[in-house]
Amino acid sequence: MPLPTGPQSLALTHLIVIRHGETAWNRERRLQGQLDIPLNDFGVAQARALAEALAGEPIDAVYSSDLSRAMETALPLAERLGLPVRPEPRLRERCYGELEGMTYAEVAQQRPEDFARWQARVPGYGPPGGESLLGFHERAVETVLALSRRHPGERIALVAHGGVLDCLYREATGMTLEAPREHELLNASINRLRCDSHLLTLAQWGDVSHLASLALDEVDRRVP
């Protein structure tokens, strides 16, 4: 597809990319993939705090993965902004096929070969019935570029998943798919990128300052 030309093509789209709030399976280190797991109570509180933090920003559109944990994170923000949530199935997490629903420990014990390839970040490897890392990366990046081209010169919020955020970070920084991850993929974090219709650049990553009071409350609840 030819790239657009003219003044509009030079207008940067500002992206606010958000990982969904916490789920019970996040705490259990259980692979959710494309299974539809809702937020837990703490995740709901994170979504509200996120909405409060971004309520004053001039956001033109809110897109979300159509999985409930993402939609439930996007909805309070969209309501504060007076915007609809636009479901986008292409923003879903990587499909892990037969591994979905298993904890990391269970995959390591019961499917050691799959675990080794997954942890080694082999680009062409896909779990049985799932997506390869390379295919997932291409899906995530192409989707975000396409959404950016709909909104030249505007600011849009995208609520997605940890795997999608990882793909975007790597694309924006030139980090290879195989490189071990050193950047954080935090629940309900605010991450900012820019796009000129075909190239992503990183502006800010991993902001969770809006969750500080929630984190202190959570620690207090866990103290025996």
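Right, let's walk through the structure included here. (Residues numbered from 1 in each chain as written. Predicted model: local features only at pLDDT ≥ 70, side-chain atom pairs only at ≥ 80, totals over all residues. Heavy atoms only, no water.)

### Digging into helix H6 (residues 133-150)
And then number 1: Between its first and last C-alpha atoms H6 spans 26 Å; for 18 residues at 1.5 Å apiece the expected length is 26 Å, and the two agree.
And then number 2: For H6, the elements touching its buried residues are strand E1 (13-19), strand E2 (61-64), strand E4 (155-160), helix H7 (162-173), strand E5 (190-195) and strand E6 (200-207). (Helix = DSSP H or I, 4+ residues; strand = E, 2+ residues; numbered from the N terminus. Expected span 1.5 Å × (residues − 1). Contact = heavy atoms within 4.5 Å.)

### Here's the deal with the side chain of Asn191
And then number 1: When you line up the elements, Asn191 lands in strand E5.
And then number 2: Relative accessible area serves as the criterion here: at 0%, Asn191 is assigned to the buried category.
And then number 3: Here the side chain of Asn191 touches Gly206 through a polar contact of 2.7 Å, landing on its backbone nitrogen.
And then number 4: Each residue touching Asn191, except ones within four places of it in the same chain, is listed here: Leu15, Ile16, Val17, Leu165, Gln204, Trp205 and Gly206. (Buried < 20%, exposed > 50% of the residue type's maximum accessible area, 1.4 Å probe, protein only. Polar contact = N/O pair within 3.5 Å; in protein donor to acceptor, adjacent residues only side chain to side chain.)

### Some remarks on the pattern of salt bridges
And then number 1: Enumeration over the complete set of coordinates arrives at 13 salt bridges.
And then number 2: Taking the shortest distance from any N to any O, the salt bridge between Arg27 and Glu22 comes out at 2.6 Å.
And then number 3: Classification of Arg27 as partly exposed rests on a relative accessible area of 41%.
And then number 4: By relative accessible area, Glu22 is classed as buried at 10%.
And then number 5: The shortest N-O distance in the salt bridge between Glu52 and Arg80 comes to 2.6 Å. In this pair, Glu52 is assigned in helix H2 (residues 41-54) and Arg80 in helix H3 (residues 68-81), connecting sequence segments 28 residues apart. (Salt bridge = Lys/Arg side-chain N within 4 Å of Asp/Glu carboxyl O.)

### Notes on the nonpolar core
And then number 1: Judged by nonpolar contacts, the single largest core of 25 residues is most densely connected at Leu15, Val17, Val144, Leu158, Leu168 and Leu200.
And then number 2: When contributions to this core are tallied by element, the ones reaching two or more residues are E1, E2, H6, E4, H7, E5 and E6.
And then number 3: Here Leu200 is in contact with Leu15, Val144, Leu145, Leu168, Glu171, Ala172, Arg194 and Cys195, once residues within four sequence places are set aside.
And then number 4: Of all hydrophobic cores here, the second largest spans 16 residues; its members include Ile18, Leu77, Ala157 and Val159. (Core = buried A, V, L, I, M, F, W, Y, C linked by side-chain atoms within 4.5 Å.)

### Some words on the sheet that holds E4
And then number 1: Spatial ordering of the open sheet is given by E3-E2-E4-E1-E5-E6, a layout of six strands whose pairing is mixed. At either end of the open sheet lies a strand with only one pairing partner, and these are strand E3 (85-87) and E6. Pairwise comparison of adjacent strand axes, ignoring direction, gives a mean angle of 25 degrees for this sheet.
And then number 2: Taken together, the six bridges between E1 and E4 define a ladder with parallel strand orientation. Residue Ile18 lies in a different strand from E4, and its bridge partner there is Val159.
And then number 3: Against the sheet, H3 engages E1, E2, E3 and E4, with an angle of about 170 degrees to E2.
And then number 4: Most of the contacts of H7 go to E6, to which it runs at about 135 degrees, and overall it touches E1, E4, E5 and E6. (Pairing = 2+ DSSP bridges. Axes fitted to C-alpha atoms, helices over the stretch in contact; angles between N-to-C directions.)

### Thoughts on the pairing of E5
Along any regular strand, the residues point their side chains to alternate faces of the sheet.
And then number 1: In terms of burial, E5 is largely enclosed, as five of its six residues are buried.
And then number 2: Where E1 and E5 come together, six bridges link them in antiparallel fashion. Pairing of Ile16 across the sheet is with Arg192, part of E5.
And then number 3: Relative to E6, E5 runs antiparallel, the two being bridged by five bridges. Counterpart to Arg194 in the pairing with E6 is Thr201.
And then number 4: Taking the residues between adjacent antiparallel strands as the criterion, E5 and E6 are bridged by four residues, where Ser197 takes a positive phi near 95 degrees.

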